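Geometric and topological summary
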Amino acid sequence: MAIAGQALALALVAALWGGTGPFLRAAAAGMEEQRGRGRLRQLLAELRFLSLNWQYLVPFLLNQAGSLLFYLTLASTDLSLAVPLCNSLALVVTLVTGKILGEDIGGKRAVAGMLLTMLGLSLCLAGA
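Residues numbered from 1 in each chain as written. Predicted model: local features only at pLDDT ≥ 70, side-chain atom pairs only at ≥ 80, totals over all residues. Heavy atoms only, no water.

**A closer look at the nonpolar core**
Leu10, Val13, Ala14, Phe70, Ala82, Leu85, Cys86, Leu89, Ala90 and Leu121 form the largest nonpolar core, which has 10 residues in total. Secondary-structure elements contributing two or more residues to this core are α1 (2-27) and α4 (79-100). At five residues, α4 tops the list of elements feeding residues into this core. (Core = buried A, V, L, I, M, F, W, Y, C linked by side-chain atoms within 4.5 Å. Buried < 20%, exposed > 50% of the residue type's maximum accessible area, 1.4 Å probe, protein only. Helix = DSSP H or I, 4+ residues; strand = E, 2+ residues; numbered from the N terminus.)

Here you go:
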């Protein structure tokens, strides 16, 4: 039962990491137009743009919540299970979320990559 709970927590981490990536990309789209004279002012202009943009802040905070959950879950989870599960599922969730949002995910090769990722993940879980 403990392993199922850990796998569920890691799947939630993957959903938080993968599901927020396309939203972060979309919300940061206007950052290129931010101008400041000098490097420091440019950095401050970009930080101001991102910190005042709720469409960026909400996915960012959810992504960070996923990182916190990952950190807490690592205390009781085998590292050889946690890292492949989170990273591979996050990749799949990112591709699916991007497709839903209308991003070009790469066609048949991306789908083949997702299927191979899921196959590798199932082998990882079967060996655990």
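**What about the pattern of salt bridges?**
Using the criterion set out here, one finds one salt bridge in the structure. The salt bridge partner of Glu103 is Arg25, with a shortest N-O separation of 3.1 Å. With Glu103 in the loop between α4 and α5 (108-127) and Arg25 in helix α1, this residue pair connects regions lying 78 residues apart in the sequence. Judged by its relative accessible area of 26%, Glu103 is partly exposed. (Salt bridge = Lys/Arg side-chain N within 4 Å of Asp/Glu carboxyl O.)

**Regarding the side chain of Gln42**
In this structure, Gln42 sits in helix α2 (residues 39-51). A polar contact is formed between the side chain of Gln42 and the side chain of Glu46, at a distance of 2.8 Å. With residues near it in sequence (within four places) discarded, Gln42 still touches Gln34, Arg35 and Gly36. (Polar contact = N/O pair within 3.5 Å; in protein donor to acceptor, adjacent residues only side chain to side chain. Contact = heavy atoms within 4.5 Å.)

**Section: α4**
Helical geometry note: an α-helix holds 3.6 residues per turn, so side chains three or four residues apart project in the same direction. The terminal C-alpha atoms of α4 lie 31 Å apart, and with 22 residues this matches the ideal 32 Å at 1.5 Å per residue to within 8%. Residues of α4 that are buried: Leu81, Ala82, Leu85, Cys86, Ser88, Leu89, Ala90, Val92, Leu95, Thr97 and Gly98. Residue Gly102 follows α4 closely and has a positive phi angle near 95 degrees. (Expected span 1.5 Å × (residues − 1).)

**Description of the packing of α4 against α5**
Following both chains from N to C, one finds α4 and α5 inclined at 155 degrees, their axes separated by 10 Å at the closest point. Compared by their axis directions, α4 and α5 come out roughly antiparallel. Helix-helix and strand crossings are classified by hand; for α4 and α5 the assignment is left-handed. Across the interface between the two elements, Leu81, Pro84, Leu85, Ser88, Leu89, Leu91, Val92, Leu95 and Val96 from α4 touch Ala110, Met114, Thr117, Met118, Leu121, Cys124 and Leu125 from α5. (Axes fitted to C-alpha atoms, helices over the stretch in contact; angles between N-to-C directions. Parallel < 35°, antiparallel > 145°, perpendicular 65-115°, else oblique. Left-handed = near helix turned anticlockwise from the far one by under 90°.)

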